[in-house]
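# Coordinate analysis (summary)
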Amino acid sequence: MKKRYLFMLSQAPHCGNGVQEALDLILTTAAFDQTVGVLFVDDGVWQVVEGQRASGLGLGLKDTAGMFEALAFYGVSDVFVEHESLIERGVEVFVSIIPLKPLGRRDLPALFSGYDVVVGG
């Protein structure tokens, strides 16, 4: 039975393996022909700002930018960013590493209701 999954990413880049693990779960879910959406909120918006690279930081973390770019290959086209999270972080104009659909905070309940499972937060 096909389900709709929404993954919320709220962690800043390079803060441990959480983002890598979330991306693994997202891509695995999509590979099993499930409908997958991704929402970047809070500090998670930094994940998609161009130039966020782990290499050279000495943290032993993988760069996740390439994995985000693979979302489209796995059929994940519903990728959202919460507009207010960007504004609160002073990132009103930026270059994203992937195409994003901006949403207002007031639109989130309607987004959540369109998915069977919401992961993260």
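Description of the structure in this document. (Residues numbered from 1 in each chain as written. Predicted model: local features only at pLDDT ≥ 70, side-chain atom pairs only at ≥ 80, totals over all residues. Heavy atoms only, no water.)

### What about the pattern of salt bridges?
- This structure, assessed with the given rule, holds seven salt bridges.
- A salt bridge links aspartate 107 to arginine 106; the shortest N-O distance between them is 3.3 Å.
- Given the relative accessible area of 28%, aspartate 107 is considered partly exposed.
- For arginine 106, a relative accessible area of 73% puts it in the exposed group. (Salt bridge = Lys/Arg side-chain N within 4 Å of Asp/Glu carboxyl O. Buried < 20%, exposed > 50% of the residue type's maximum accessible area, 1.4 Å probe, protein only.)

### Comments concerning the sheet that holds strand β3 (residues 78-82)
- The parallel open sheet is built from five strands, whose spatial order is β4-β3-β2-β1-β5. Every interior strand has two partners, whereas the edge strands, β4 (101-103) and β5 (117-120), have only one. If you compare each strand with its neighbour and ignore which way they point, the axes differ by 25 degrees on average.
- The pairing of strand β1 (residues 4-9) with β5 spans four bridges and is parallel. By the bridge assignment for β5, methionine 8 is matched with glycine 120.
- Where helix α1 (residues 18-31) meets the sheet, its contacts fall on β1 and β2 (35-40), and the angle it forms with β1 comes to roughly 165 degrees. (Pairing = 2+ DSSP bridges. Helix = DSSP H or I, 4+ residues; strand = E, 2+ residues; numbered from the N terminus. Axes fitted to C-alpha atoms, helices over the stretch in contact; angles between N-to-C directions. Contact = heavy atoms within 4.5 Å.)

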